[in-house]
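In case you want the letters, here they are:
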Amino acid sequence: IVSTVLHHEIDPQCTLALAARCSTRRLVVVENCIEPLYDEDYHLLVDAIFNRSLYHTRLAWPGQHRTSEDWAALCAQYGQVRIVGRTAAVPGIPLAHTLILVDIDPSQ
């Protein structure tokens with residue numbers, strides 16, 4: 001399970017590749033995605049609030065936000081991809097989240 005991690009990575013492709021290599025059958029990806037109501041600027045604002053105000057982290061927050069279709073396309077090289085759900089209500093986080101499943105292709 002890779003949950004709300006990829007958009008924080010400087011190189012999300014590298015993190016996704018590692019997760020796919022560690023998965024035997026299925027990779028579960030949960031991401032808050034860019035949507036009409038939740039555009040890139042809004043995602044950056046929420047990251048700033050969480051990473052600078054609430055958590056006081058010094059970690060980079062490069063803003064690798066994407067649409068659910070863009071995340072699915074990035075995952076597609078590792079197997080069969082399905083966007084299986086979306087929720088607008090996540091307690092304490094003012095962003096919608098999308099659930100993406102990747103059935104790992106063992107030949108990859």
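Above this text you will find the structure in question.
Residues numbered from 1 in each chain as written. Predicted model: local features only at pLDDT ≥ 70, side-chain atom pairs only at ≥ 80, totals over all residues. Heavy atoms only, no water.

Structural notes on the sheet that holds strand 2 (residues 26-31)
Phase 1: Strand order across the open sheet formed by four strands is 1-2-4-3, with mixed pairing between neighbours. Each having just a single partner strand, strand 1 (2-3) and strand 3 (79-87) make up the two edges of the open sheet.
Phase 2: Pairing geometry for strand 2 and strand 4 (residues 97-104), over six bridges, is antiparallel. Counterpart to leucine 27 in the pairing with strand 4 is valine 102.
Phase 3: Lying over the sheet, helix 1 (residues 12-22) contacts strand 1, strand 2 and strand 4, oriented at roughly 145° with respect to strand 2.
Phase 4: Against the sheet, helix 3 (residues 68-75) touches strand 2, strand 3 and strand 4, its axis set at about 155° to strand 3. (Pairing = 2+ DSSP bridges. Helix = DSSP H or I, 4+ residues; strand = E, 2+ residues; numbered from the N terminus. Contact = heavy atoms within 4.5 Å. Axes fitted to C-alpha atoms, helices over the stretch in contact; angles between N-to-C directions.)

Let's talk about the pattern of salt bridges
Phase 1: According to the stated counting rule, one finds three salt bridges in the structure shown.
Phase 2: The closest approach of N and O atoms between arginine 86 and glutamate 35, which form a salt bridge, is 2.7 Å. Highlighted residues: arginine 86 in strand 3 and glutamate 35 in the loop between strand 2 and helix 2 (40-54), separated in sequence by 51 residues.
Phase 3: Here glutamate 35 falls in the buried class, since its relative accessible area comes to 18%.
Phase 4: Arginine 82 is the partner of aspartate 103 in a salt bridge, and the nearest nitrogen-oxygen pair spans 3.3 Å. Of the two residues, aspartate 103 is situated in strand 4 and arginine 82 in strand 3; the sequence distance between them amounts to 21 residues.
Phase 5: Residue aspartate 103 is classed as partly exposed on the basis of its relative accessible area of 24%.
Phase 6: Arginine 82 gets classed as partly exposed once you look at its relative accessible area, which sits at 33%. (Salt bridge = Lys/Arg side-chain N within 4 Å of Asp/Glu carboxyl O. Buried < 20%, exposed > 50% of the residue type's maximum accessible area, 1.4 Å probe, protein only.)

Just distances and angles here, no functional claims.
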